[in-house]
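Summary of structural features
Each chain is listed here by its residues.
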Amino acid sequence: MADVSKFLEGIGVFQKQHFGENAELASSLASGQRPQALLIGCCDSRVDPALLTACAPGDLFILRNIANLVPPYAKSDDFHGVSSSIEYAVCYLNVTDIIVLGHSQCGGINALMSSAKGEIAGEFIGKWVSIAESARDKVLQDMSDSSEEQQLRACEREAILVSLKNLMSFPWVREKVNRGQLSLHGWYYNIVTGQLCCYNQLTGEFEMLVESYRPKEQKKKAG
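Reading guide: rules and limits
Residues numbered from 1 in each chain as written. Predicted model: local features only at pLDDT ≥ 70, side-chain atom pairs only at ≥ 80, totals over all residues. Heavy atoms only, no water. Helix = DSSP H or I, 4+ residues; strand = E, 2+ residues; numbered from the N terminus. Buried < 20%, exposed > 50% of the residue type's maximum accessible area, 1.4 Å probe, protein only. Areas by Shrake-Rupley, 256 points an atom, 1.4 Å probe, with all protein chains shown as cover. Lys, Arg positive; Asp, Glu negative; His and termini not counted. Charge placed at Lys NZ, Arg CZ, Asp CG, Glu CD. Disulfide = S-S within 2.5 Å. Pairing = 2+ DSSP bridges. Axes fitted to C-alpha atoms, helices over the stretch in contact; angles between N-to-C directions. Contact = heavy atoms within 4.5 Å. Patch = residues over 30% accessible without salt bridge, like charges linked within 9 Å, V, L, I, M, F, W, Y side chains within 5 Å. Salt bridge = Lys/Arg side-chain N within 4 Å of Asp/Glu carboxyl O. Core = buried A, V, L, I, M, F, W, Y, C linked by side-chain atoms within 4.5 Å. Phe/Tyr/Trp six-rings, centres within 6.5 Å; stacked < 30°, edge-to-face > 60°. Lys NZ or Arg CZ within 6 Å of the ring centre and 35° of its normal.

**Quick notes on the overall build of the chain**
For the chain, the count of helices and strands is 10 helices and 6 strands. Dimensions of the chain, computed from the C-alpha atoms along their principal axes, are close to 55 × 55 × 50 Å. Buried residues in the chain amount to 35% of all 223 residues. Split by element, the accessible area of the chain, about 13700 Å² in all, is 53% carbon and sulfur. If you average the places of the 21 positive and of the 26 negative side-chain charges in the chain, the two averages end up 5 Å apart.

Printed below as a string of structure tokens:
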């Protein structure tokens, strides 16, 4: 059996920090959840939303899947894991914000870009990432002379916009957005630099939200 002691020790640290030292938080969580935001992130083990945002338990309702994608609204007899999570967050938890958190070096987007060469990933992955085919096609058309690396980084950002657009196809999301009761945010996290950018609907650009971290000593030397 694999050694999972690292994870068990982590649970002990978590319990001490959030329950042993914060009885009020533990009591509030027992009575139910009231998260402010639904965060739709990638399954990538390097991009844990709760760790990145340093949130306490109960702050975020988190939905993770390959490449942080949102399919368009559709009614069918299929199983709708993503759609049901969005419905629960918006209609039952009444979150005020939905954040789509994409990131650099995304394996799902790499699979999407590779599909243009006829390379289909896995039994389910290729079909799933095809949700963002329009993002891939736009990048390949607009950046045909760019390097593969540049195309990948651009597609990661474009896929976020596809998810934001698809969110608006859900009638109850669209209704709350139009009433000013719900805000949508597109975030892009750079794994290499630690920078976080946010999509600005007015400019149509991803703009810096959080700069790379530099220790104070380095900042003084740079100044």
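**Describing the state of the cysteines**
Overall, the coordinates contain 0 disulfides when judged by the stated rule. Free cysteine Cys55: the closest other cysteine sulfur is in Cys198, separated by 15 Å. Cys42 supplies the cysteine sulfur nearest to Cys106, a cysteine that is in no disulfide, at a spacing of 4.2 Å.

**A few points about the sheet that holds strand E1 (residues 37-42)**
Strand order across the open sheet formed by 6 strands is E2-E1-E3-E4-E5-E6, with mixed pairing between neighbours. The open sheet has two free edges, formed respectively by strand E2 (60-65) and strand E6 (205-210), since each of these has just one partner strand. On average, each strand axis in the sheet is inclined to that of its neighbour by 30°, with strand direction left out of account. Where strand E3 (residues 97-103) and strand E4 (residues 183-189) come together, 7 bridges link them in parallel fashion. Counterpart to Ile99 in the pairing with E4 is His185. Together, E1, E2 and E3 form the strand contacts of helix H4 (residues 81-92), whose direction differs from that of E2 by roughly 170°.

**Overview of a nonpolar patch on the surface**
A surface patch of nonpolar side chains, about 390 Å² in accessible area, is lined by Val4, Phe7, Leu8 and Ile11. The topology assignment puts Phe7 in helix H1 (residues 5-20).

**Comments concerning the nonpolar core**
In summary, soluble globular proteins display a tendency toward joint burial of nonpolar side chains. By size, the foremost hydrophobic cluster in this structure holds 23 residues, and its most contacted members are Leu38, Ile40, Ile86, Ile98, Leu167 and Val173. With 4 residues, H4 is the single largest residue contributor to this core. The residues touching Leu167, leaving out its near neighbours within four places in the chain, are Ile40, Val70, Ile86, Ile98, Val100, Val173 and Leu184.

**Remarks on the pattern of salt bridges**
Counting across every chain of the model gives 9 salt bridges. For Asp137, the salt bridge is made with Arg136, and the minimal N-O distance between the two is 3.0 Å. The exposure class of Asp137 is partly exposed, given its relative accessible area of 39%. As a salt-bridge pair, Lys138 and Asp142 come within 3.0 Å of each other at their nearest N and O atoms. Here Asp142 and Lys138 lie together in helix H7 (residues 133-142), a separation of 4 residues that amounts to about one turn. Among the residues examined, Lys138 registers a relative accessible area of 40% and is labelled partly exposed.

**Here's the deal with the packing of aromatic side chains**
The way to describe two aromatic rings as a pair is by their centre distance and the angle between their planes. Within this structure, the stated rule accounts for 6 aromatic pairs. When the centroid spacing of 5.3 Å and the interplanar angle of 50° are considered together, the rings of Phe170 and Trp172 count as tilted. The interplanar angle of 55° and the centroid separation of 5.3 Å between the aromatic rings of Tyr199 and Phe206 together place this pair among those described as tilted. Members of the aromatic cluster, joined through ring pairs, are Phe61, Tyr88 and Tyr92. Residue placement shows Arg157 over the ring face of Tyr188; its charged tip is 5.4 Å from the ring centre.

**Focus on the side chain of Asn166**
Counting through the fold element by element, Asn166 comes out in helix H8 (residues 148-167). Apart from the residues lying within four places of it in its own chain, the contact partners of Asn166 are Val70, Pro71, Pro72, Tyr73 and Ile131.

**Considerations on unusual backbone geometry**
Backbone geometry at Ala54 places phi at a positive 55°, although glycine is not the residue there. The backbone phi angle of Gln105 is positive, close to 55°, even though this residue is not glycine. Mapped onto the elements of the fold, Gln105 is located in the loop between E3 and helix H5 (107-115). Classification of Gln105 as partly exposed rests on a relative accessible area of 28%.

What is shown is where atoms sit, not what they do.
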